[in-house]
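Structure assessment
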Amino acid sequence: ERIMTENADDNLTQVENFPETDWLIVNLVETLNALDDPAGMPMILSVSGKIVSGSVIGGKEYFELMAEAWAAMAGEENADGVRKKYLELAKAYGSDAEEKPAHIRYLHMRNARFFFANGDPIPGNRGLLWRCKLSSVDGFAYGQLEAQTA
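Residues numbered from 1 in each chain as written. Predicted model: local features only at pLDDT ≥ 70, side-chain atom pairs only at ≥ 80, totals over all residues. Heavy atoms only, no water.

Moving on, we get to the pattern of salt bridges. For the structure on display, the rule yields four salt bridges. One salt bridge in this structure joins Arg 83 and Glu 68, with 3.1 Å as the shortest N-O distance. Within this pair, whereas Arg 83 is found in helix α3 (residues 76-90), its partner Glu 68 is found in helix α2 (residues 59-74), the two being separated by 15 residues in sequence. What makes Arg 83 partly exposed here is its relative accessible area of 23%. (Salt bridge = Lys/Arg side-chain N within 4 Å of Asp/Glu carboxyl O. Helix = DSSP H or I, 4+ residues; strand = E, 2+ residues; numbered from the N terminus. Buried < 20%, exposed > 50% of the residue type's maximum accessible area, 1.4 Å probe, protein only.)

Put into structure tokens, the structure is as follows:
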């Protein structure tokens, strides 16, 4: 049984070695990592003074999307090998994962965009796949930021 408190000494097992990591976001990422449904959760993160918005997704979806992205860039001759490598990494996540990671250290985002104080996003035209150390997250909110329109 896990007891979730605001006391660092009582935090979830996954964050015992990372007392500055918020147990709530670790729990959220752990839940998404265990799911097969790629719905994701729209979130706004504060990371080292920068604002990032996108959908937090599980590791399985992240590595499946990486497999396709890298395979497309690798060219026909190398695409299958590259795809296979990343799909192998995806097997550590989801409901059918045989051996799950012992410690949750990273979160994954789809359609991630970084926002300036004036509301302009980077990149301006689309979101990115993004991986972030959980210990770097200073704060978070549920929701999605959108680029300002003129």
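This is not the end of the story, as more comes after the structure.
Let us now look at the packing of aromatic side chains. To describe a pair of aromatic rings, one takes the distance between the centres and the angle between the planes. By the definition in use, this model includes five aromatic pairs. Ring geometry for Phe 114 versus Trp 130: centroids 5.4 Å apart, planes at 80°, classification edge-to-face. Here Phe 114 is found in strand β3 (residues 106-115), whereas its partner Trp 130 is found in strand β5 (residues 128-133), with 16 residues between them in sequence. By relative accessible area, Phe 114 is classed as partly exposed at 25%. Taking relative accessible area as the criterion, Trp 130 reaches 17% and is therefore assigned buried. Among the aromatic residues, ring-to-ring pairing joins Tyr 62, Phe 63 and Tyr 93 into one connected group. (Phe/Tyr/Trp six-rings, centres within 6.5 Å; stacked < 30°, edge-to-face > 60°.)

A word on the environment of Glu 88. Relative to the helices and strands, Glu 88 resides in helix α3. Judged by relative accessible area, which is 46%, Glu 88 ranks as partly exposed. As a C-alpha pair, Glu 88 and Lys 60 span 28 residues in sequence and 9.8 Å in three-dimensional space.

What follows deals with unusual backbone geometry. Residue Pro 123 is reached from Ile 122 by a cis peptide bond, and omega for that bond is -10°. Within the secondary structure, Pro 123 sits in the loop between β4 (121-122) and β5. Residue Ser 48 is not a glycine yet carries a positive backbone phi of 50°. Mapping Ser 48 onto the fold places it in the loop between β1 (41-47) and β2 (50-57). Look at Asn 111: it is not a glycine, yet its phi comes out positive at around 60°. With respect to the element layout, Asn 111 can be found in strand β3. The partly exposed category is assigned to Asn 111, whose relative accessible area is 41%.

Residues of the protein chain with pLDDT of at least 70 account for 83%, and the chain-wide mean is 83. Below pLDDT 50 for its whole length, residues 1-15 participates in 26 contacts with residues either more than four positions away or in separate chains. (pLDDT = per-residue confidence, 0-100. Contact = heavy atoms within 4.5 Å.)

Time to look at helix α1 (residues 23-34). For α1, with 12 residues, the first-to-last C-alpha span of 16 Å sits near the 16 Å given by 1.5 Å per residue. When we look at burial in α1, the residues that qualify are Trp 23, Ile 25, Val 26, Asn 27, Leu 28, Val 29, Glu 30, Leu 32 and Asn 33. A side-chain oxygen of the first residue of α1 lies 2.7 Å from the backbone nitrogen of Leu 24; this N-cap is Asp 22. (Expected span 1.5 Å × (residues − 1). Polar contact = N/O pair within 3.5 Å; in protein donor to acceptor, adjacent residues only side chain to side chain.)

To continue, consider the pairing of β3. Look at any regular strand and the pattern is simple: side chains alternate between the two faces of the sheet. Of all 10 residues making up β3, seven are buried, and the element is well covered by its neighbours. Note that β2 and β3 share six bridges and pair antiparallel. Bridged to Val 56 within β3 is Met 109. Of the strand pairs in this sheet, β3 and β5 are connected by five bridges, and their pairing is antiparallel. Considered in β5, the bridge of Ala 112 is made with Leu 128. Relative to β4, β3 runs antiparallel, the two being bridged by two bridges. Bridging across to β4, Phe 114 finds its partner in Ile 122. The antiparallel hairpin formed by β3 and β4 contains five residues in its connecting segment, where Gly 119 sits at a positive phi of about 95°. (Pairing = 2+ DSSP bridges.)

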